[in-house]
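Summary of structural features
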Amino acid sequence: MGRKAVICECSSNGTFLIDDCIGLGLEPVVVYPPIPDEESSLIGEIRRNSEKAVAGRAEVIRASSMDEVAEDLSGCDVACVMAGSEYGVPFADELARRLGLPGNDPSTTRDRTEKLYMHRALESAGLRHIRTWKISSEDDIRGFWNGAPTVVKPSRSGGTVGFHLCRTLDECIEAYRSVSGSADWTGGNDNEPIIQDFIEGPEYIVNTLSRNGTHRVTDMWAYHKQNVGIGMAYDCAMTVTDPSEREEELASYALDVLRATGMSEGPAHLEIKDDSRG
């Protein structure tokens, strides 16, 4: 039996990790963490659409708990634990810790995966951040509102899911009711709504790779989006092959963000807006 590479929630593009593991002489093991509502949730749908790419090419563990998976793998020769999608990040962080393998600190996972805690971490580190409040009631919205365009969305989301761009107080309140009344991407009901200042300016993707706290930028992209009603739609993204001085500053900021949010191991995907203040 060879060394195993554990992929937590091997979905969508994460299925390409199977080929990478095999190419390195490792035996891929796919772990599917529990989902509150696998049948109707977004994550469940993505998982089902990815299972054909996994079938027959990797050992599969369908987890009922972290304890179960950690016990199953504790006697195996596990080389590494990685996340195969955004949903797999918290499980991968904790499993790597349980198995004594390189990984990111589970106590700061929320700083890397939930928008509310990300911006709190950036503020604590003295870095530029977006003013972000948790919404517990409509009074929170009234306290935040300053007459400028505002964003209401879930703290845990991606791909503009649940994103609302609001230009009036009434639109903010309606967006809050919509977000708080909807299931999150796992099908659960802990979809914590947040409100943020809307930031004007070009948006970039900065992808990075980290090892033992050393960080490197692997690639950078410039987003092009379009306003569509109360939301935003992706048009395209273009690679940045010859970064300007401003874009180099943005890449440096991205590395500061990794340090502020406790990132030490593995790949990260950052989306950053560059406004008139930098």
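For the structure, check the block above.
To keep things clear, this report deals only with the structure shown in the data block. (Residues numbered from 1 in each chain as written. Predicted model: local features only at pLDDT ≥ 70, side-chain atom pairs only at ≥ 80, totals over all residues. Heavy atoms only, no water.)

Some details on the side chain of Thr-261
Heads up, the condition is: Numbering of helices and strands runs from the N terminus; a helix is a DSSP stretch of H or I covering at least four residues, while a strand is a stretch of E covering at least two. The term polar contact refers here to a pair of N or O atoms within 3.5 Å; inside protein, the definition further demands a hydrogen-donor-capable atom paired with an acceptor-capable atom, and it admits residues adjacent in sequence only when both atoms are side-chain atoms. Working rule for contacts: check all heavy atoms of both residues, and any pair within 4.5 Å makes them a contact.
With respect to the secondary-structure elements, Thr-261 resides in the loop between helix H9 (245-260) and strand S12 (266-273). Only 3.3 Å separates the side chain of Thr-261 from the backbone oxygen of Leu-258, close enough to count as a polar contact. In contact with Thr-261, not counting residues within four places along its chain, are Thr-108, Asp-111, Arg-112, Ala-121 and Leu-122.

Digging into the pattern of salt bridges
Going by this rule: Salt bridges, as used here, are contacts in which a Lys or Arg side-chain nitrogen is within 4 Å of a carboxyl oxygen on Asp or Glu.
Taken as a whole and assessed by the stated rule, the structure comprises 22 salt bridges. Ionic pairing is found between Glu-94 and Arg-98, a salt bridge with its closest N-O pair at 2.9 Å. Pair noted here: Glu-94 and Arg-98 are both in helix H4 (residues 89-99), with a separation of 4 residues, about one helical turn. Through salt bridges with shared partners, one network takes in Glu-138, Asp-139, Arg-142, Glu-174 and Arg-177.

Quick look at the packing of aromatic side chains
As a reminder of what qualifies: Paired rings are identified among Phe, Tyr and Trp, the last through its six-membered ring, by centres lying within 6.5 Å, and are further divided according to the angle between planes into stacked (under 30 degrees), edge-to-face (over 60) and tilted (the rest). The cut-offs for exposure are 20% and 50% of the maximum accessible area for each residue type, with area from a 1.4 Å probe on protein chains only; residues under the lower value are buried, those over the upper are exposed, and the others partly exposed. Both a distance and an angle decide whether a charge sits over a ring: NZ of Lys or CZ of Arg must be within 6 Å of the ring centre and within 35 degrees of the ring normal.
Inspection of the entire model under this criterion finds 1 aromatic pair. Consider the rings of Trp-133 and Phe-144, whose centres lie 5.3 Å apart with planes at 80°: the pair is edge-to-face. Separated by 11 residues along the polypeptide, Trp-133 in strand S5 (residues 132-134) and Phe-144 in helix H7 (residues 138-144) bring together distant segments of the chain. When its relative accessible area of 34% is taken as the criterion, Trp-133 is described as partly exposed. The ring of Tyr-117 carries Arg-120 above its face, with NZ or CZ at 5.3 Å from the centroid. Arg-131 extends its terminal NZ or CZ atom over the ring of Phe-144, reaching a point 3.7 Å from the ring centre.

Description of the layout of surface pockets
The test is simple: Throughout, the protein atoms alone are placed on a 1 Å grid, and a set of points is a cavity if a 1.4 Å probe fits but cannot get out or a pocket if it is open with protein on both sides within 12 Å along at least five of seven lines; lining residues have an atom within 4 Å of a point. Grid points are joined across faces, edges and corners, and a volume is the space filled by probe spheres set on the points. Three classes are used, and their members are as follows: Ala, Val, Leu, Ile, Met, Phe, Trp, Tyr, Cys and Pro are nonpolar, Asp, Glu, Lys and Arg are charged, and the others, Gly among them, are polar.
By volume, the second largest pocket is sized at about 340 Å³. Tyr-87, Pro-90, Thr-113, Glu-114 and Arg-156 are, among the 17 residues lining the second largest pocket, the residues nearest its centre. Secondary-structure elements contributing two or more residues to the lining of the second largest pocket are H4 and helix H5 (109-113). Broken down by element, the lining of the second largest pocket gets its largest block of residues, 3 residues, from H5. Residue classes in the lining of the second largest pocket are distributed as 8 nonpolar, 3 polar and 6 charged.

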